[in-house]
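Here is how the chains run, residue by residue.
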Amino acid sequence: VLNTIYAVQGRSIGESLIEDGGVAAIVDAIRVSESENASKVHIPEVVVIADSTNPSKRNSRVIPIEEGVPERHMIVDFVLPDSAERVLERVVAESGRIVLAGTPGVYTNGFDISTKRVIRAMQEKGVKSIALGADTVSETGFEGTSSVGGGSSLYFLARGTTPVIEALERNKQ
């Protein structure tokens, strides 16, 4: 989703992954950026990039996104902006809620800066957290509350319904 947001903003993302060409996320990215909650979305300005043919820590580097991702490179992680760090600190202090829907970095290749930071906050005493999606849970080893229906959960959080609920309501009528 972050890569789609960067692309919508006109930033160069090199060979960074965008599921389904960004079709599904573009509408949501635009909706969020134009919403009254846009100020609550913390878009990273510093990313970790690596060679897209063999992403490894050995061939990675940290750059400001405004520099643009060069050809044959992809975004594999990011550094949480200070504003997001402050939000995590406040959530922990206030025993708030955190939802992790997918790993922010290419976690299985060792790019774990952002993911580890979020998981550390999720595991703080008093924080109510949930990891969405079987891949998220299995990749990170998160041992808190989780849901294997990550996509459906996100859809529900964004829209207050799911295609299954809508179909059941239509059938009921």
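The structure under discussion appears in the preceding block.
In short, a report on the structure. (Residues numbered from 1 in each chain as written. Predicted model: local features only at pLDDT ≥ 70, side-chain atom pairs only at ≥ 80, totals over all residues. Heavy atoms only, no water.)

## Comments concerning the sheet that holds strand 2 (residues 60-64)
Across the sheet, three strands lie side by side as 2-1-3; this open sheet has antiparallel pairing. Edge positions in the sheet fall to strand 2 and strand 3 (73-79), since each has one partner strand and no second. In this sheet, adjacent strand axes meet at a mean angle of 35° when their direction is disregarded. Bridge analysis of strand 1 (residues 46-51) against strand 3 gives six bridges, and the strand direction is antiparallel. Within strand 3, the residue paired with Val47 across the bridge is Phe78. (Pairing = 2+ DSSP bridges. Helix = DSSP H or I, 4+ residues; strand = E, 2+ residues; numbered from the N terminus. Axes fitted to C-alpha atoms, helices over the stretch in contact; angles between N-to-C directions.)

## Re the side chain of Ser129
Inspection of the secondary structure assignment puts Ser129 in strand 5 (residues 128-132). Engagement of the side chain of Ser129 in a polar contact is seen with the backbone oxygen of Met122, the distance being 3.1 Å. Contact partners of Ser129, with chain neighbours within four places excluded, come to Ile98, Met122, Phe142 and Thr145. (Polar contact = N/O pair within 3.5 Å; in protein donor to acceptor, adjacent residues only side chain to side chain. Contact = heavy atoms within 4.5 Å.)

## Things to note about the sheet that holds strand 4 (residues 97-101)
Pairing between the strands of a sheet is mediated by backbone hydrogen bonds and can be parallel or antiparallel. Strand order in the open sheet made by the three strands is 4-5-6, with parallel pairing throughout. Since the sheet does not close on itself, it has two edges, and those belong to strand 4 and strand 6 (146-147), each with one partner. Across the sheet, helix 6 (residues 150-159) lies against strand 4, strand 5 and strand 6, angled at about 125° from strand 5, the strand it touches most.

## Remarks on the environment of Pro55
Along the polypeptide, Pro55 turns up in the loop between strand 1 and strand 2. Residues Pro55 and Asn109, spaced 54 residues apart in sequence, show a C-alpha to C-alpha distance of 7.1 Å. Look past the residues within four positions of Pro55 in its chain and what remains in contact with it is Ala50, Met74, Val76, Asn109 and Phe111.

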